[in-house]
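Listed here are the chains, written in short residue letters.
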Amino acid sequence: MDADGRLAIARWRPSPNADERPRGVEPDLLVIHSISLPPGEFGGPWIEQLFCNQLDLDAHPYFATLAGLRVSAHLVIRRDGELLQFVALHRRAWHAGRSSFRGRPECNDYAIGIELEGTDQTPFSDAQYRQLARVTGLIRTGYPAITADRITGHQNIAPGRKTDPGPTFDWERYLAAVPARVTPPTD
């Protein structure tokens, strides 16, 4: 992670749907999400366009339901493992909505959000698990307060409202693959 909160391994696609975290607040929570646009379909430019407020609402009937929505995530991991970054990690992305973790409200204030391209019913790809574990290690190196017990799913911080990443997400597999610490290479 560089001084600007960007990961060198990610393709940078800045989203306007972000702002500054509250003064003195550092990320100490990682939230795993899933998204597909249109629902159940993978690939295409739709997620990027949504997060950058460029979604053509006429391109698919479902998109009309997203009119006026302003959302983002820090990172998106495509089905093939491609990593996109929309918001610098030290900034607040608009990914969690009304949420609470262990009684602390407004998770966007203190969380980093990662979207996996997928659905609650579709198993995630091997490439996604590899990339997610790698990225989690990098994030935890920069933000050591994000311990394994401070990694959660969207469904856990917004129960009854959200269900992602869903029952097909293999938490045990993912957490077992996350390195405890990633040592940056020396020059």
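Treat the numbers as computed from the prediction; the structure is a model and nothing was measured.

Definitions and limits used
- Residues numbered from 1 in each chain as written.
- Predicted model: local features only at pLDDT ≥ 70, side-chain atom pairs only at ≥ 80, totals over all residues.
- Heavy atoms only, no water.
- Helix = DSSP H or I, 4+ residues; strand = E, 2+ residues; numbered from the N terminus.
- Phe/Tyr/Trp six-rings, centres within 6.5 Å; stacked < 30°, edge-to-face > 60°.
- Lys NZ or Arg CZ within 6 Å of the ring centre and 35° of its normal.
- Pairing = 2+ DSSP bridges.
- Contact = heavy atoms within 4.5 Å.
- Axes fitted to C-alpha atoms, helices over the stretch in contact; angles between N-to-C directions.
- 1 Å grid on protein atoms, 1.4 Å probe; cavity = no way out; pocket = protein on both sides within 12 Å on 5 of 7 lines; lining within 4 Å.
- Points joined across faces, edges and corners; volume = space filled by probe spheres on them.
- Nonpolar A, V, L, I, M, F, W, Y, C, P; charged D, E, K, R; others polar.

**Brief notes about unusual backbone geometry**
1) Next: With omega at -20 degrees, the peptide bond leading from L37 into P38 counts as cis.
2) Next: Tracing the backbone through its elements, the reader meets P38 in the loop between strand 3 (29–35) and helix 1 (46–51).
3) Next: Residue P165 is reached from D164 by a cis peptide bond, and omega for that bond is 5 degrees.
4) Next: Mapped onto the elements of the fold, P165 is located in the loop between helix 3 (154–157) and helix 4 (171–177).
5) Next: In this model, N53 sits at a positive phi of 60 degrees, which is unusual for a non-glycine residue.
6) Next: Examined against the element boundaries, N53 turns out to sit in the loop between helix 1 and strand 4 (75–77).
7) Next: In this structure, E106 is a non-glycine residue whose phi angle is positive, near 60 degrees.

**Section: the packing of aromatic side chains**
Two measures describe an aromatic ring pair: the distance that separates the ring centres and the angle between the ring planes.
1) Next: Enumeration according to the criterion identifies seven aromatic pairs in this entry.
2) Next: Geometrically, the ring pair formed by Y129 and F169 is stacked, given 5.5 Å between the ring centres and 25 degrees between the ring planes. Here Y129 is found in helix 2 (residues 126–142), whereas its partner F169 is found in the loop between helix 3 and helix 4, with 40 residues between them in sequence.
3) Next: Taken together through their ring pairs, the aromatic side chains of F124, Y129, F169, W171 and Y174 make up a single cluster.
4) Next: When the ring centre of F42 is taken as reference, the NZ or CZ atom of R79 above it lies at 4.5 Å.
5) Next: When the ring centre of Y110 is taken as origin, the NZ or CZ atom of R104, which lies over that ring, is 3.5 Å away.

**Concerning the sheet that holds strand 1 (residues 11–12)**
Two modes of strand pairing occur in sheets, parallel and antiparallel, and in both the strands are linked by backbone hydrogen bonds.
1) Next: Reading across from one edge, 1-5-4-9-3-10 is the order of the six strands in this open sheet, with mixed pairing throughout. Of all strands in the sheet, those bounded by a partner on one side alone are strand 1 and strand 10 (151–153).
2) Next: As paired elements, strand 4 and strand 5 (residues 83–85) share three bridges and run antiparallel to each other. Looking at the pairing, I77 lines up with L83 of strand 5.
3) Next: Sheet strands in contact with helix 2 are strand 3, strand 4, strand 5, strand 9 (111–117) and strand 10, and its direction is about 170 degrees off that of strand 9.

**Examining the layout of surface pockets**
1) Next: A volume near 670 Å³ is recorded for the largest pocket.
2) Next: Secondary structure elements with two or more residues in the lining of the largest pocket: strand 3 and helix 1.
3) Next: Tallied by class, residues from the lining of the largest pocket come to eleven nonpolar, 13 polar and six charged.

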